[in-house]
Amino acid sequence: TQYQQAHAAMNTAAIRRPGRAAGFTLIELLVVFGLIALIAGLVPIAFNRLQESAQYRDTVRAVLTDLRAARAQAQSSGAEVRFAVNPRARTFGVEGAPVQQVPESLELRAVMAAEEAGADGSLAIRFLPRGGASGGSVDLIRPSGTGVRLRVDWFSGRVEQEAIAP
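Residues numbered from 1 in each chain as written. Predicted model: local features only at pLDDT ≥ 70, side-chain atom pairs only at ≥ 80, totals over all residues. Heavy atoms only, no water.

Before going further, it helps to spend a moment on the pairing of strand β8 (residues 159-164). Relative to β8, strand β7 (residues 147-152) is paired through 6 bridges, and the arrangement is antiparallel. Of the residues in β8, the one forming a bridge with R149 is E162. Counting the residues between successive antiparallel strands, the hairpin from β7 to β8 contains 6 residues, one of them, G157, with a positive phi of roughly 75 degrees. (Pairing = 2+ DSSP bridges. Helix = DSSP H or I, 4+ residues; strand = E, 2+ residues; numbered from the N terminus.)

Below, the structure written as structure tokens:
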């Protein structure tokens, strides 16, 4: 059993290396801190892009919903309903309902009939009870130049969406 004792002594010596403390080296810690700093620097950029995308989607959805609601309201009530856009004030909405604000990061453009222009710079699309409309379009443009055009057909009053490339 001298062999077993010698073998046990070698294993114990291999486990305990004198002069070597457990832990991380300075280089390993610096690499980890560098990676953490890099990630922390990228998070705000990614968050801003995510926030801009969410604002864009929410605004497009809100304009589209209001346009379709104005058309449906005109058809169901039997009376004309106007959807107004004010590019100067950066607002939109169905007349008689609360207006909604367009975020600063988006550009708002509108093309509508001259007869539907207001003194305050607002433009409107008039939806008729039989389904027609005065026609027009609302553009929402991102800072990158891409965006969407929401177009109202004058004959059918149907609201269509198309992409805008820079």
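Here S137 is to be found in strand β6 (residues 136-141). Classification of S137 as buried rests on a relative accessible area of 10%. (Buried < 20%, exposed > 50% of the residue type's maximum accessible area, 1.4 Å probe, protein only.)

So, about the sheet that holds strand β2 (residues 91-94). Strands sit in the order β3-β2-β1-β5 across an open sheet of 4 strands; the sheet is antiparallel. Here the strands that pair on one side only, and so sit at the sheet edges, are β3 (100-101) and β5 (123-127). Sheet topology note: the β2/β3 ladder contains 2 bridges and is antiparallel. Bridge assignment links T91 to a residue of β3, and that residue is Q101.

A word on the sheet that holds strand β4 (residues 107-112). As summarised here, the arrangement of the 4 strands in space is β4-β6-β7-β8, forming an open sheet in which the pairing is antiparallel. Of all the strands in the sheet, the pair left with one neighbour each is β4 and β8. Between one strand axis and the next, the sheet turns by 15 degrees as a mean value, whatever way the strands run. (Axes fitted to C-alpha atoms, helices over the stretch in contact; angles between N-to-C directions.)

If you walk through the whole model with that rule in mind, you get 2 aromatic pairs. Ring geometry for F83 against F92: centres 6.4 Å apart, planes inclined by 40 degrees, an arrangement best described as tilted. For the residue pair F83 and F92, the accessibility class agrees, reading buried in each case. When the ring of W154 is compared with that of F155, the centres are 5.6 Å apart and the planes differ by 75 degrees; the resulting orientation is edge-to-face. Overall, W154 belongs to the exposed group, its relative accessible area being 58%. Here F155 falls in the exposed class, since its relative accessible area comes to 62%. (Phe/Tyr/Trp six-rings, centres within 6.5 Å; stacked < 30°, edge-to-face > 60°.)

Next up on the list: the environment of E80. On the secondary structure map, E80 appears in the loop between α2 (26-77) and β1 (81-86). A residue is classified by how much of its surface remains accessible, and E80, at 46% relative accessible area, is partly exposed. Discounting chain neighbours no more than four positions away, the residues touching E80 are R126, F127, L128 and P129. (Contact = heavy atoms within 4.5 Å.)

This part is about the pairing of β1. Across the 6 residues of β1, 6 count as buried, placing the element largely inside the fold. Side chains V81, F83 and V85 project from β1 onto one buried face, and the interleaved R82, A84 and N86 project onto a second face that is buried too. As judged from the 5 bridges shared by β1 and β5, these two strands associate in the antiparallel manner. Among the inter-strand pairings, R82 is bridged to a residue of β5, identified as R126. With 4 bridges connecting them, β1 and β2 associate as antiparallel partners.

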